[in-house]
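Structural overview
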Amino acid sequence: MQLTTWLQLVLVRPFRRAGHRTALVAAGLPLHLAVVPLWLWLLGTMAALVPALTPLPVLLTLVVTPLLTVGQRRRYRALVGKDLPRPAAPGPGRNWKSAVRRLTGQALWRQVCYHAVAGPLLAVLDLAVLAVWATALVAASIYVWIWALPPQWRVTDLGYTTQAAYITAGGLALLFLGPRLTSALVRLDTRAAEVLLGPSRTEKLARRVADLAESRAGALDAADAERRRIERDLHDGAQQRLVSLAVNLGLARSALGDLPEDARKVIDEAHREAKEAIAELNNLVRGLHPAVLEDRGLDAALSGLAARLPIPVHVAVDMPQRPSPTVEAVAYFVVSEALTNVVKHARATRADVTVERIGETLLVVVTDDGAGGADFAAAGGGTGLAGLAKRVASVDGTFSCRSPAGGPTVITVELPCAP
Amino acid sequence: MRAVIAEDSLLLRIGVVKVLEAAGFEMCAQVADAEGLLAAVEEHRPDIAVVDVRMPPGFTDEGVRAALVIRHQYPRTAVLLLSQYVEERYATDLLAANTSGVGYLLKQRVADVEEFAEAVRRVAAGGTALDPQVVAQLLVRRHSDPLDRLTPREREVLELMAGGRSNSGVAAELVVSESAVAKHINSIFTKLDLPKADADHRRVLAVLRFLGVTTA
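Here the structure is a predicted model, which means the values were calculated and not measured. (Residues numbered from 1 in each chain as written. Chains lettered and ligands numbered in written order. Predicted model: local features only at pLDDT ≥ 70, side-chain atom pairs only at ≥ 80, totals over all residues.)

1. Quick look at the overall build of chain A
Applicable threshold: Each helix corresponds to a stretch of at least 4 residues labelled H or I by DSSP, and each strand to a stretch of at least 2 residues labelled E; elements are numbered beginning at the N terminus. Three classes are used. A residue is buried when 20 or more other C-beta atoms lie within 10 Å of its own, exposed when 12 or fewer do, and partly exposed in between, with C-beta atoms placed from the backbone. Each residue gets a C-beta atom placed from its backbone, and two residues are in contact if those atoms lie within 7 Å.
Per the secondary structure count, chain A includes 14 helices and five strands. Of all 419 residues assigned to chain A, the portion counted as buried reaches 28%. Counted over contacts in chain A with a minimum sequence separation of 6, partners at least 24 positions apart contribute 73%.

Spelled out as structure tokens, the structure:
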């Protein structure tokens, strides 16, 4: 390391913000000490045995608390460079109810605790740090004092002795220590303010949960909207083009009857493949987000789904109004996956799907008459039953699967849907 | 025969027009929305209107509503609906009044050029053409009725009848003889308790019962 960088690191950097911080520590002193006279007065009145006046200092504390908090917030902002997060508001309005809420709420009493208990303790530390600074400055410049002060003002005459050199060295050491002490105190001070003046841990967690729930819902909706957009694009673009291609190939096949056998075969093949591509694209689009679901809702989409299965499926949907598109999509894909499982594994001869809206819950039940024994744990990864459960959990729904050996299997899903 | 087409996707419209022209239809008008369709039917009085379900401006069921108007006001114009997916309400709405001269196919069927042309011809001549998927879906909800008494084979025959096939068409599809088909159909009539009136009428009634459309 170069000498200049080292000097910069050790000598310059700690001092860069030291003045600013020390000034704010000094500004904190009167704010921290503001409640102390009230308590001294309380002790005084207790001593003078006037019990009737005891509540007065407490009331005064309550009155000055908000003012002191405003002051401390300003100081915090100046120290840290951003606003101290506010605790949750006790409630709207300025009537007696909200006043009672304010008085009984945790936030106020935590503030009182800060000003009455933490404040005086911090004030002591503030004083100590300021004293360190003062001592350091005086001691480091002891030679200047010896030179500048007239001899009769001095308490003791040190003279330009070795003792003065020791004092200078001690002062320099304290100067070196000063910025570190100051920033440690600033950390302690801001931490106390955050804990007692900011939102409590519970409030912070509650706020975080609300934020996360909101952002997750946003992400889900965005993903869903994106799927619908892709579905529309595929339908309007590639699908139409493929149908047009297949039509042309089909026309070519019937118009060019006198072609050689192998040319005819090639056209036949191309036509068949174009039709297969259309079917595949249809399946893909259905897997993304079926258009019928968006246009006509769960009832129509589930009927279409049931019609494509090899076993009879009875579908009954009872919903006075449609849930959100995201919930609708989850319900659709849950039923889709459950029925796929029924066909693949259950050896069932029929299945029943009921979708019912009860209050703010969408109840989806899929039943089959198959062999049962569906193993929830064995279904791995993002597919099968475990995948279903994850999809349901993503919208705060509940998923249960009862499948005793010998059947029947009943899958019950509850999805919350706001009114 | 004369036809009009209402379809907002240009590619698909061109495709349908090509198929129908190749099949010998005279295309009187090609429009892209329901309003244009009604005007074209009023002007040309075609034998058949081929109509997309979803059209501007709302992209919901404009085509179905226009089709119902055509069935009501111009009974001599047959209607064939094209849809991206199956919605049974469209089919039952359309079939409720009268099953002749009605069709409902998925758009992708246009690619089966010969079958599509045949279906259009059948509908224009007063027959019906229902997509196999439409039929399957209408079946999903009807279980607790006389239809349960049908054997799987009889059910297949009835499905094909509902799709608009004749006896020989059914026989060709199932690779059986026509007399076998006739036997199945008689058995179906018996199981559905249909009166011994003329065969065509019973046929229509059987299909209606199958589709769950209540008849007075």
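2. Some words on the overall build of chain B
Broken down by element type, chain B carries ten helices and six strands. Each of the 216 residues in chain B was classed as buried or not, and the buried ones make up 46%. Put simply, of all contacts in chain B between residues at least 6 apart along the chain, 64% involve residues at least 24 apart.

3. Things to note about unusual backbone geometry
A cis amide bond links B:Pro56 to the next residue, B:Pro57, at an omega of 5°. Structurally, B:Pro57 can be placed in the loop between strand S3 (48–52) and helix H3 (62–73). Look at A:Asp396: it is not a glycine, yet its phi comes out positive at around 65°.

4. Quick notes on the interface of chain B and chain A
Interface size is often expressed as the accessible area that is lost when the parts come together. Worth spelling out the cut-off: For this classification, the nonpolar set comprises Ala, Val, Leu, Ile, Met, Phe, Trp, Tyr, Cys and Pro, the charged set comprises Asp, Glu, Lys and Arg, and every other residue, Gly included, is treated as polar.
Taken together, the contact between chain B and chain A spans 27 residues of the former and 29 residues of the latter. Contributions of two or more residues to the side of chain B that touches chain A are made by helix H1 (10–22), helix H5 (113–124) and helix H6 (132–140) of chain B. For the side of chain B that touches chain A, the leading source of residues is H1(B), giving seven residues. Residue classes in the side of chain B that touches chain A are distributed as twelve nonpolar, eight polar and seven charged.

5. A word on helix H13 (residues 325–346) of chain A
Because the α-helix completes a turn every 3.6 residues, residues three or four places apart line up on one side. Spelled out, the test is: For a helix, the expected span equals 1.5 Å multiplied by the number of residues minus one.
Helix length check: H13(A) (22 residues) gives 30 Å between terminal C-alpha atoms against 32 Å at 1.5 Å per residue, within 8%. Looking at the residues trailing H13(A), positive phi occurs at A:Arg347, about 50°.

6. A word on the sheet that holds strand S2 (residues 351–358) of chain A
Residue and element names in this part refer to chain A. Where we set the bar: Between any two strands, at least two bridges found by DSSP are needed for them to pair. Axis definition: a line fitted to C-alpha atoms, over the contacting stretch in the case of helices. Angles run 0 to 180 degrees between N-to-C directions.
Pairing is mixed across the open sheet formed by five strands, whose spatial order is S1-S2-S3-S5-S4. The open sheet has two free edges, formed respectively by strand S1 (313–318) and strand S4 (398–402), since each of these has just one partner strand. On average, adjacent strands in this sheet sit at an angle of 10° to one another, irrespective of strand direction. Both strand S3 (residues 361–368) and strand S5 (residues 409–416) contribute to a ladder of eight bridges, which runs antiparallel. Bridge pairing in S5 links Val 364 to Val 413.

7. Points about the sheet that holds S3(B)
All names here are of chain B. On the basis of which strands lie adjacent, the open sheet formed by six strands has the order S2-S1-S3-S4-S5-S6 and parallel pairing. With partners counted over all chains shown, the strands left at the sheet margins are strand S2 (26–31) and strand S6 (128–130), one partner each. Sheet twist, expressed as the mean angle between neighbouring strand axes with direction ignored, is 20°. Relative to S6, strand S5 (residues 102–106) is paired through three bridges, and the arrangement is parallel. Each bridged residue has a counterpart across the sheet, and for Val 102 the counterpart in S6 is Thr 128. Along the sheet, helix H2 (residues 34–44) contacts strand S1 (2–6), S2 and S3; its crossing angle with S1, the most-contacted strand, is approximately 165°.

8. Section: the confidence of the model for chain B
We apply this condition: The predictor rates its confidence in each residue with pLDDT, a number between 0 and 100.
Of the residues in chain B, 90% reach a pLDDT of 70 or more, and the chain-wide mean stands at 83. Scored by ipTM, the complex comes to 0.71, with pTM at 0.65.

9. Focus: the confidence of the model for chain A
Residue-level pLDDT values for chain A average 81, and 86% of them are 70 or greater. Per-residue pLDDT, averaged within each element of chain A, yields its smallest value for helix H5 (residues 96–104) of chain A (67) and its largest for S3(A) (92).

10. Considering H1(B)
Residues and elements named next belong to chain B. Condition: Directions drawn from the helix axis to the C-beta atoms are what define this arc.
Spanning 13 residues, H1 covers 18 Å between terminal C-alpha atoms, matching the ideal 18 Å at 1.5 Å per step. Of the positions making up H1, those classed as buried are Leu 12, Arg 13, Gly 15, Val 16, Val 19 and Leu 20. The arc that holds the buried residues of H1, viewed along the axis, is 160°, so those residues lie on one side. Just beyond H1, the residue with positive phi is Gly 24, at close to 95°.

11. Focus on the nonpolar core
How we decide: Here, a nonpolar core means buried Ala, Val, Leu, Ile, Met, Phe, Trp, Tyr and Cys residues linked by C-beta atoms lying within 7 Å of one another.
A:Ala331, A:Val335, B:Val51, B:Leu80 and B:Leu81 are the most contacted members of the largest nonpolar core, which has 114 residues in total. The greatest single-element share of this core, amounting to eleven residues, is contributed by H13(A). In contact with B:Leu80, other than residues within four places in its own chain, are B:Ile48, B:Val50, B:Val51, B:Gly103, B:Leu105, B:Val120, B:Val123 and B:Ala129.

12. Quick notes on the pairing of S5(B)
Residues and elements named next belong to chain B. Most of S5 is tucked away, with four of its five residues classed as buried. Across five bridges, the pairing between strand S4 (residues 78–83) and S5 is parallel. Across the sheet, residue Leu 81 finds its bridge partner in S5, namely Tyr 104.

13. Focus on the environment of A:His32
All names here are of chain A. Inspection of the secondary structure puts His 32 in helix H2 (residues 18–33). Note on His 32: 27 C-beta atoms within 10 Å, which makes it buried. His 32 sits 88 residues away from Pro 120 along the chain, and the two C-alpha atoms are 5.7 Å apart. In this view, His 32 contacts Gly 119, Pro 120, Leu 122, Ala 123 and Asp 126; residues no more than four positions away in its chain are not counted.

14. What about the packing of H2(B) against H3(B)?
If you want to describe how two helices pack, look at the angle between their axes and the distance between the axes. Residues and elements named next belong to chain B. Condition: Oblique is the label for any angle not under 35 degrees, not over 145, and not in the 65 to 115 range, which are roughly parallel, roughly antiparallel and roughly perpendicular in turn. In this scheme the crossing of two helices becomes right-handed for a clockwise turn of the near helix relative to the far one and left-handed for an anticlockwise turn of less than a right angle.
Interhelical geometry of H2 versus H3 gives an angle of 20° and a closest axis separation of 9 Å. Considering the angle they form, H2 stands roughly parallel to H3. By crossing handedness, the relation of H2 to H3 is classed as right-handed. Along the contact surface, H2 presents Ala 34, Leu 37, Leu 38 and Val 41, while H3 presents Glu 62, Gly 63, Arg 65, Ala 66, Val 69 and Ile 70. Considered class by class, the residues forming the contact of H2 with H3 number seven nonpolar, one polar and two charged.

15. A look at the pairing of S5(A)
All names here are of chain A. Of the two faces of S5, the one lined by Thr 409, Ile 411, Val 413 and Leu 415 is fully buried and the one lined by Val 410, Thr 412, Glu 414 and Pro 416 carries no buried residue. Where S4 meets S5, five bridges bridge the pair, whose relative direction is antiparallel. Counterpart to Ser 400 in the pairing with S5 is Thr 412. Here S4 folds back onto S5, and the loop between the two strands holds six residues, one of which, Gly 406, carries a positive phi near 95°.

16. Observations concerning the packing of helix H9 (residues 201–255) of chain A against helix H10 (residues 261–288) of chain A
All names here are of chain A. Running from amino to carboxyl end, H9 crosses H10 at an angle of 165°, the nearest separation of the two axes being 9 Å. Comparing their axes, H10 and H9 come out roughly antiparallel. For the pair H9 and H10, the sense of crossing is left-handed. Residues belonging to the contact of H9 with H10 are distributed by class as follows: 17 nonpolar, four polar and five charged.

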